[in-house]
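Chain by chain, the residues:
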Amino acid sequence: MTQQPTAGRAPARARRPAGVQGQIRRVQSSGVTTRLADIAAQAGVSEATVSRVLNGKPGVAATTRQSVLAALDVLGYERPVRLRQRSEGLVGLITPELENPIFPALAQVIGQALTRQGYTPVLATQTPGGSTEDELTEMLVDRGVAGIIYVSGLHADTTADMQRYERLRAQGVPFVLVDGFSPKVQAPFISPDDRAAMALAVTHLASLGHTRIGLALGPKRFVPVQRKIEGFVRAVHDQLGLPAQTVETELVQHSLYTLEGGQAAASALIDRDCTAVVCASDMMALGAIRAARQRGLEVPRDVSVVGFDDSPLIAFTDPPLTTVRKPVPAMGQAAVRTLLEEIGGTPAPHSEFVFMPELVVRGSTASAPHVLRAS
């Protein structure tokens, strides 16, 4: 007697493509079995080459093998177990918050660089009312991380106790500090040249005829803020001849590193007759544009705005933002190289590695209003 199919029974599984021994499964199932042609087309290689890679066969160049694995990832397929890389260990990455898009961008660069070296990045983010930097550090150390990278941490706060980093070093945990500096800490530091960034912005605005240029930035206790003020004061003096005291008291406004903070700071500077505002972050710059528009002013016709960071998607704002680009790829890769040297027992010099920023001119800056009227 022939047994009939039971109602509701799942259909037979599709056959695996010839030559592939291991299973490849979609992360998000679509009921479609992987075809060698899909992966080959994505990787730009032959189906036979894909088959050799998936079956762990020799005779494939390392770069080609990596291209096939990347194609698997892009197409959303899981790698066969035999092809999954064994991690060299965990590396912690502590950031202050992820609302500012520059931090996810930097975390992505660092994470990718660590992954290429066989390490697994562990992202730990501080949030208001959440875990502190010290608590996140303790958590990572308890999990046996090989090292830690700090981004804009307490090392940038001149009022913070730097002994926390010496205690960490005493525990034998290598670490690198990004964005900030303290002579009290014996460690490698990775920083952008904040002073040069302000010189780039001020020189650009002065060349457009602006003589009242304001600076909107965060609390003064942070090292990057202090350096930006130094660079701004020097550049305004060099370009416009204003005394340092006048610049600091009339043209510098402290606030928070948020859109709302930029709006508040820019409002105060516009009230002091500034026709251009340099902001210490792109988020603050967006707030400055909002402040100008709330006063019925147009950017850049009435007020020019310059940001800092060149965060992802900032080129697509209205207007596209002129900004000073922080060298995120170079800084992130340098942080990883330096940490791996520390982990490997050949530490880099315990000093600061400074990276030059770049001015990116877009649509938020133009000639000063009096220059436009004259022309």
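Calculation rules
- Residues numbered from 1 in each chain as written.
- Predicted model: local features only at pLDDT ≥ 70, side-chain atom pairs only at ≥ 80, totals over all residues.
- Heavy atoms only, no water.
- Pairing = 2+ DSSP bridges.
- Helix = DSSP H or I, 4+ residues; strand = E, 2+ residues; numbered from the N terminus.
- Right-handed = clockwise from strand over helix to strand, strands pointing away.
- Axes fitted to C-alpha atoms, helices over the stretch in contact; angles between N-to-C directions.
- Buried < 20%, exposed > 50% of the residue type's maximum accessible area, 1.4 Å probe, protein only.
- Arc of directions from axis to C-beta.

Q: Go over the pairing of strand S2 (residues 119-125), please, and point to the residues and values.
A: With seven bridges connecting them, strand S1 (residues 89-95) and S2 associate as parallel partners. The partner of Gly-92 across the bridge, within S2, is Val-122. At this point the chain moves from S1, through helix H4 (residues 102-116), to the parallel S2, and the crossover so formed is right-handed.

Q: Explain the sheet that holds strand S6 (residues 213-217) residue by residue, including any values.
A: Strand order across the open sheet formed by six strands is S7-S6-S8-S9-S10-S12, with mixed pairing between neighbours. Strand pairing shows two members of the sheet lacking a second neighbour, strand S7 (252-254) and strand S12 (358-360), which therefore form its edges. The average undirected angle you get between the axes of adjacent strands in this sheet is 20 degrees. Where S6 meets S7, three bridges bridge the pair, whose relative direction is parallel. Following the sheet pairing, Leu-217 is matched in S7 by His-254.

Q: Talk me through helix H5 (residues 133-142); I want residue IDs and the actual numbers.
A: Here H5 has its buried residues at Glu-133, Leu-136, Thr-137 and Leu-140. Seen end-on, H5 carries its buried residues on one side only, within an arc spanning 100 degrees. Seen from the buried face of H5, the exposed residues on the opposite side, beyond 90 degrees, are Glu-138 and Asp-142.

Q: So what's going on with the sheet that holds strand S4 (residues 175-178)? Which residues, and what values?
A: Pairing between sheet strands relies on hydrogen bonds along the backbone, with the strands arranged either parallel or antiparallel. Reading across from one edge, S2-S1-S3-S4-S5-S11 is the order of the six strands in this open sheet, with parallel pairing throughout. Each end of this open sheet is capped by a strand with a single partner; those strands are S2 and strand S11 (352-355). Each adjacent strand pair in this sheet contributes to an overall mean axis angle of 20 degrees, direction not counted. Summarising the sheet, strand S5 (residues 189-192) and S11 pair through four bridges and their orientation is parallel. What sits directly across from Pro-192, in S11, is Phe-355.

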